[in-house]
Structure formats: C-alpha cells, structure tokens
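# Architecture at a glance
One letter stands for each residue in the lines below.
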Amino acid sequence: MNGGSLSQKGSYGTLPCYGKLSNIARKQSSKTLPVSSRDKERVLLVVCRCLGRKRVALLLLVALALLVFIWGSFTVSRETTSPTDRPTDSIHFDNSDIISHPSVACRSRANSTLDHPCHKFALPPPPPSSGRRFGPRSCPVCYISAEQARASIPCTSSASPVLHNLTYVIDENPIKIESHGGSEFGGYPSLKQRNEAFDLQESMTVHCGFVKGNRPGHQTGFDIDETDLMKLEEFHKVIVASAIFGNYDIIQQPKDISEAARKNVPFYMFIDEETEIYLKNSSTLDSNMKIGLWRIIVVHNIPYTDARRNGKVPKLLLHRLLPNVKYSIWIDGKLQLVVDPYQVIERFLWQQNASFAISRHYHRFDVFEEADANKAAGKCDNSSIDYQIEFYTKEGLSPYSKAKLPITSDVPEGCVIIREHIPITNLFTCLWFNEVDRFTARDQLSFSTVRDKIMAKVDWNINMFLDCERRNFVIQAYHKDLLDHMPRPVAHVFQHPPPLHHDSLAGRNPGKNSRRGRDRRSGSRQHRKPAAGNREKQAFL
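A brief structural summary. The structure presented is a predicted model; accordingly, all values stated were derived computationally and were not measured.

What follows concerns the packing of aromatic side chains. Within the structure shown, the criterion is met by 19 aromatic pairs. Ring geometry for Phe-185 against Phe-433: centres 6.1 Å apart, planes inclined by 80°, an arrangement best described as edge-to-face. You can see Phe-185 sitting in the loop between strand E3 (165–168) and helix H6 (191–197) and its partner Phe-433 sitting in helix H15 (residues 423–438), a full 248 residues away along the chain. By relative accessible area, which is 6% here, Phe-185 ends up buried. Seen from their ring centres, Phe-391 and Phe-439 are 5.2 Å apart, and the 50° between their planes marks the pair as tilted.

Dropping the structure here:
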C-alpha cells in the first residue's frame with residue numbers, strides 16, 4: 001500500500017495530460033478490456049469532463065492524504081494498544097512515567113560516551129591576564145537535559161574489580177590497644193588490621209564505623225529514630241545528602257531541580273540535637289520534618305565532640321546509612337545545589353564511565369602544601385598534622401609531580417562527592433573514614449594515601465574533575481559563625497539640603513541674580529550632555 005502511495009505521488013506531474021492519455025487508452029483497450037473495465041473508464045471520463053482536470057488532481061490528492069492518514073492511524077493504534085509491542089529502549093521508572101530515549105537509554109557502559117552531545121565539548125580558553133588577581137570561579141559545563149539524563153541511568157552496576165563481597169566488623173565492646181587507634185565508634189582498628197584492609201581480596205571484612213551493631217544508626221552511636229531509619233532503608237536510584245552539626249551552617253535550598261527529581265530523588269539533611277533546637281526556634285522546621293526539599297534526619301548520641309568530625313560519618317559512610325541506594329551526591333552543608341542531580345551524576349559519573357568523582361583543589365595539588373596551609377590557617381592542632389604527615393612519609397608519600405600522571409592531583413576539594421555504591425567505592429570510603437578516625441579530621445590529607453594504596457592493587461581510578469566545574473553546580477555560602485560576626489549593612493540616610501529663606505535674597509537684584517542662575521544651570525547641562533554620551537559609548541565598547 002505504501003508503494004502504491006509513493007507511485008501516485010510521483011505521477012502528479014503528468015496530470016495535465018490526463019485527458020489525451022485517456023482517449024488513447026480507450027481506443028487501445030476497447031477490444032481487450034472486459035465490459036466492467038469499459039464501464040469504469042466511461043465513468044472516469046464523465047467525471048473528468050464534469051469536474052475538469054484540475055479538480056480531478058485535487059480529488060486525487062485528497063484521496064491520497066486520506067489513505068495515508070487512515071494507514072498511519074491504524075499503525076499507531078496497533079503499537080500503542082498492544083502491551084507486548086513496547087519498544088525495548090524504554091525505561092520504566094515508576095507506574096506512570098515511561099521515558100523513551102533511543103540514543104542513551106540502557107546503553108552499554110563501554111559505548112556510553114560515543115555520539116554523546118557533550119563528547120566534543122571543550123573548555124574555552126581562560127580570559128587574558130589583566131594584572132588583577134582573581135579568586136576561584138566557575139567555568140562552563142556541558143549537561144544534557146534532565147529528562148535525557150534520567151533516561152540514561154545505566155541498566156547495570158559498574159564492575160567492582162577484585163572485590164565482590166564486603167562486610168563490616170561488629171564488636172560490641174571495642175578495646176583501645178594503641179595510642180593512635182581511632183575511636184570507640186570506629187572500633188579501634190590496629191595498625192595490622194589497617195594494613196590488611198589494603199590487601200584487596202574477593203571477600204573482605206573491614207572496620208567501617210558503627211561497630212556496636214549490625215544495623216547502623218540503631219544503638220551503634222550516631223543513633224537515628226526508627227521512623228527515620230526505615231526511611232533511609234528504602235530503595236532509591238539517586239539521593240542527595242548533606243549534614244550540619246553544631247549549628248555550624250545555614251541550610252541552603254536547592255534550585256533548578258526538575259519535577260522528576262523532586263518526585264523521585266530524596267534530599268536528606270543530617271543534623272544533631274543542637275541544630276534541631278535552633279531550627280525549631282527559628283520556625284523553619286515543619287511537622288513533617290522538612291525544610292523545603294530537605295528531609296531532616298536528627299542524629300542522637302553523636303560519637304565525637306568535634307562537629308566537623310561528626311560530619312565525616314554521613315559524608316564517608318553514606319552507604320552504611322542508606323544501604324539500598326545506587327547513586328549519591330554528597331554536598332557540604334554550606335553549599336547550594338543549583339543543577340539537577342540527574343544531570344550532575346550523568347556528567348561526572350555515567351558520561352565518564354566512572355564510579356567515584358570528586359573535584360581537585362583549585363590551587364593546591366600536593367599533600368605537603370595542603371598540610372602547611374592547614375597549619376597556617378589553624379584548622380587543626382599542628383602536632384597532629386605533623387604526626388600524620390610523618391607517618392605517611394615513612395609509608396612512601398612523596399610530593400606530587402608530573403610523574404604521577406594521569407593522576408592530576410593529590411589534594412581534593414572534598415565538599416562534593418559523587419559516587420556509585422558498589423563494593424570498591426564502599427571500601428574506599430570505609431578506609432578513608434578509618435584514616436580520618438585515626439589521624440586528623442582533615443580528609444584532604446588522607447585522601448591520596450588511601451586512593452594510591454587501592455589503585456596499586458586493582459585497576460580502578462577516580463574522576464578528579466576541575467574545581468571550576470564543581471563551582472558550576474554548587475554555590476558556596478559562608479559558615480554561620482562567619483555570618484554572625486559580619487557587620488550589619490548600614491542603611492544610608494539621605495539628608496536634603498535646607499530650604500532657601502527669602503530673607504537671604506533681600507537686597508539683591510532679582511532679575512540679575514535669576515538670569516545668572518539660569519545661565520549657570522544651562523551651562524552645566526551643556527557640559528553634562530557630552531559626558532553622558534561618552535559614558536554610553538564606553539558602556540558599549
């Protein structure tokens with residue numbers, strides 16, 4: 001039927017000669033065609049004479065369009081009503097939302113970057129130096145749409161090299177046997193246990209916090225109410241998490257979040273009791289324990305006296321608190337997410353075939369320089385920093401150099417972590433947390449040691465993207481203590497000039513004075529006009 005339609009469409013150019021051709025055909029076929037064919041031809045000739053050639057052409061066009069419409073409607077109806085004919089490239093995320101994206105949905109990971117819209121995207125060159133010193137800034141990042149990003153969630157998990165089964169140490173009564181053995185919450189792992197944890201096997205059991213029970217958050221320290229625990233144990237493909245302890249930051253609301261993410265991506269904010277009191281007194285916490293998009297999770301029995309160290313628990317052990325999550329984005333409490341989470345994960349994980357992504361520090365690449373900067377800023381006790389660096393140096397830590405390429409930096413900007421929850425990434429954050437628990441809370445100092453020890457054993461790497469790219473999807477605010485000490489903005493008071501008194505004009509020549517005043521005002525306007533024109537020209541240059 002389609003072939004007939006195409007051929008009719010191709011013969012429209014011969015319609016003006018249709019009358020002559022029909023006469024010839026009538027003479028040649030009158031002897032050979034059956035009676036029914038002759039009758040049909042007579043009817044056609046009558047129609048042609050009555051309506052004219054142009055009207056016949058128009059009728060044929062209308063008939064052809066009607067035929068194509070009926071055939072297309074029948075085809076679409078058959079495909080949409082048959083439950084077995086659903087396209088294989090559609091992803092069914094929930095009961096009411098099916099997204100079809102043939103170019104990106106359910107692609108194999110090996111070919112996921114081919115023909116990607118952002119495959120050839122390159123950063124523009126930096127602006128020319130003007131002699132002025134600028135601080136860190138954002139740079140352009142190529143994202144696909146939020147709908148496309150959601151449709152491109154990989155169908156299978158990334159491969160976890162060597163390690164396939166990871167379990168965690170449970171010890172209801174941990175005993176400290178070494179001076180730098182960490183905390184009770186971490187289980188006081190010995191140096192021998194620490195070193196053995198870097199020897200990767202197919203199945204492993206390691207210290208990873210929460211040692212006093214087999215259900216993190218339930219009588220393990222860092223305790224969470226049962227209702228919240230059940231919420232955290234739900235299955236989700238993507239979540240966003242953050243934390244504020246010690247009332248240290250002000251909650252920042254995400255923006256530019258798609259409707260699909262608002263519906264399907266939970267935003268969890270972990271807080272302690274001190275922060276909860278502040279939020280309740282400020283009337284920002286509603287009865288559903290939500291502030292905007294954030295679902296507030298109150299933590300009791302926090303394991304450390306240092307608020308920043310308490311924040312490392314959800315930051316690095318998120319897979320233990322949310323055991324049924326596939327992908328997560330961690331942002332520090334001072335940050336505001338301004339790009340859809342599906343777009344962020346697609347850009348820095350799925351597009352890169354990575355399972356862990358973190359931005360590099362905008363200025364420092366070397367751990368020794370980072371340690372000196374921490375001491376200069378008073379971030380931690382100097383002797384503790386020195387002890388940690390000396391320990392790592394004895395293990396082989398050396399200053400960063402180009403010899404470590406393709407590793408681009410030893411120092412992360414650790415306020416954002418984008419990860420897939422698989423055994424190898426879970427092991428990495430467990431061992432990273434153990435270093436933070438044993439040494440200082442400055443996780444930038446221990447990051448490269450844990451990374452390099454794991455990479456020496458297995459073929460696995462981390463996507464360390466540019467810090468300016470991170471600043472594209474999060475906006476950094478000040479910590480609350482800095483805001484409290486900032487001076488209040490001073491309201492400007494405009495004082496009007498005192499009114500002129502008529503007495504002051506007494507004894508003067510009114511005409512002369514008024515004339516001179518007009519001349520001065522007129523002259524001043526004449527001088528201001530060119531100046532204004534010059535400013536407008538400069539504005540367009």
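So much for the structure itself; the text now carries on.
Relative to the helices and strands, Pro-323 resides in the loop between helix H11 (318–321) and strand E10 (325–331). Residue Pro-323 is classed as partly exposed on the basis of its relative accessible area of 47%. Linking Pro-323 and His-421, residues 98 residues apart in sequence, is a C-alpha distance of 8.6 Å. In contact with Pro-323, other than residues within four places in its own chain, are Leu-232 and Glu-233.

Counted by the stated rule, this structure contains three disulfides. Residue Cys-139 pairs covalently with Cys-468 via a disulfide, S to S 2.2 Å. Residues Cys-139 and Cys-468 are joined by a disulfide whose S-S torsion is about 70°; by sign, that bridge is right-handed. Placement of the pair is Cys-139 in the loop between strand E2 (97–100) and helix H5 (146–151) and Cys-468 in helix H17 (residues 467–473), with a sequence separation of 329 residues. Each member of the pair Cys-139 and Cys-468 is classed as buried.

Residue pairs three or four apart in sequence face the same way in an α-helix, which turns once every 3.6 residues. The end-to-end C-alpha separation of H15 is 22 Å, in line with the 22 Å expected for 16 residues at 1.5 Å each. Burial analysis of H15 places 15 of its 16 residues in the buried class, which makes it a mostly covered element.

Before going further, it helps to spend a moment on the nonpolar core. Of all hydrophobic cores here, the largest spans 51 residues; its most connected members are Phe-222, Phe-270, Leu-322, Phe-428, Trp-432 and Ile-454. Looking at this core element by element, the count peaks at eight residues for H15. Core analysis: the second largest hydrophobic core is formed by 44 residues, Ile-153, Val-240, Met-269 and Val-474 among them.

Before going further, it helps to examine the pairing of strand E9 (residues 294–300). Regular strands have side chains that alternate between both faces of the sheet. Within E9, six of the seven residues are buried, which leaves it mostly tucked inside the rest of the structure. Bridging between strand E5 (residues 223–224) and E9 involves two bridges; their strand directions are antiparallel. Across the sheet, residue Ile-224 finds its bridge partner in E9, namely Val-299. Two elements, strand E7 (residues 267–272) and E9, share six bridges in a ladder whose sense is parallel. Its bridge partner being in E9, Phe-270 is matched across the sheet by Ile-297. Count of turn residues in the strand E8 (residues 290–291)/E9 antiparallel hairpin: two residues, of which Gly-292 carries a positive phi of about 65°.

As a further point, take the pattern of salt bridges. Within this structure, the stated rule accounts for 21 salt bridges. Residue Arg-347 is joined to Glu-469 by a salt bridge in which the shortest nitrogen-to-oxygen separation is 3.0 Å. Of this pair, Arg-347 sits in helix H12 (residues 341–350) while Glu-469 sits in helix H17, placing them 122 residues apart in sequence. You can call Arg-347 buried: its relative accessible area is 10%. Between Asp-467 and Arg-470 there is a salt bridge whose closest N-O contact spans 2.9 Å. Of this pair, Asp-467 and Arg-470 both sit in helix H17, three residues apart, roughly one helical turn. Each member of the pair, Asp-467 together with Arg-470, is buried. A single network of salt bridges, built from pairs that share partners, joins Arg-194, Glu-395, Glu-435 and Lys-453.

Relative to the helices and strands, Gln-388 resides in helix H14 (residues 382–395). Excluding residues that lie within four positions of it along the chain, Gln-388 makes contacts with Phe-439, Thr-440, Leu-445 and Ser-446.

On to the packing of helix H13 (residues 367–376) against helix H16 (residues 443–455), then. In the contact formed by H13 and H16, the axes pass within 9 Å of each other and the chain directions differ by 165°. The angle between H13 and H16 places the two elements in the roughly antiparallel class. Seen from above, H13 lies across H16 with left-handed handedness. Together, Val-367, Glu-370 and Ala-371 of H13 and Gln-444, Leu-445 and Ser-448 of H16 make up the contact between the two elements. For the contact of H13 with H16, the residue count by class is three nonpolar, two polar and one charged.

This brings us to unusual backbone geometry. Here the bond from Leu-405 into Pro-406 is cis, since omega is 15°, no more than 30 degrees from zero. Tracing the sequence through the fold places Pro-406 in the loop between H14 and strand E13 (412–420). We note that Phe-210 has phi near 55°; this positive angle belongs to a residue other than glycine. Structurally, the position occupied by Phe-210 is in the loop between strand E4 (203–206) and E5. Owing to a relative accessible area of 0%, Phe-210 belongs among the buried residues under this scheme. Positive phi values are uncommon outside glycine, yet Phe-222 reaches one of about 55°. Mapped onto the elements, Phe-222 comes out in the loop between E4 and E5.

Here Val-141 lies in the loop between E2 and H5. Owing to a relative accessible area of 13%, Val-141 belongs among the buried residues under this scheme. Spatially, the C-alpha atom of Val-141 lies 9.1 Å from that of Cys-468, the residues being 327 residues apart in sequence. Setting aside residues up to four positions removed in sequence, Val-141 forms contacts with Phe-121, Arg-347, Phe-348, Glu-469 and Asn-472.

Contact geometry of H15 with H16 gives a least axis separation of 9 Å together with a crossing angle of 135°. Between H15 and H16, the angle is such that the two are oblique. Taken as a pair, H15 and H16 cross one another with a handedness that is right-handed. Each of Ile-424, Phe-428, Leu-431, Trp-432, Glu-435 and Val-436 in H15 lies in contact with H16, whose residues at this interface are Asp-443, Ser-446, Phe-447, Val-450, Arg-451 and Ile-454.

Calculation criteria
Residues numbered from 1 in each chain as written. Predicted model: local features only at pLDDT ≥ 70, side-chain atom pairs only at ≥ 80, totals over all residues. Heavy atoms only, no water. Phe/Tyr/Trp six-rings, centres within 6.5 Å; stacked < 30°, edge-to-face > 60°. Helix = DSSP H or I, 4+ residues; strand = E, 2+ residues; numbered from the N terminus. Buried < 20%, exposed > 50% of the residue type's maximum accessible area, 1.4 Å probe, protein only. Contact = heavy atoms within 4.5 Å. Disulfide = S-S within 2.5 Å. Expected span 1.5 Å × (residues − 1). Core = buried A, V, L, I, M, F, W, Y, C linked by side-chain atoms within 4.5 Å. Pairing = 2+ DSSP bridges. Salt bridge = Lys/Arg side-chain N within 4 Å of Asp/Glu carboxyl O. Axes fitted to C-alpha atoms, helices over the stretch in contact; angles between N-to-C directions. Parallel < 35°, antiparallel > 145°, perpendicular 65-115°, else oblique. Left-handed = near helix turned anticlockwise from the far one by under 90°. Nonpolar A, V, L, I, M, F, W, Y, C, P; charged D, E, K, R; others polar.

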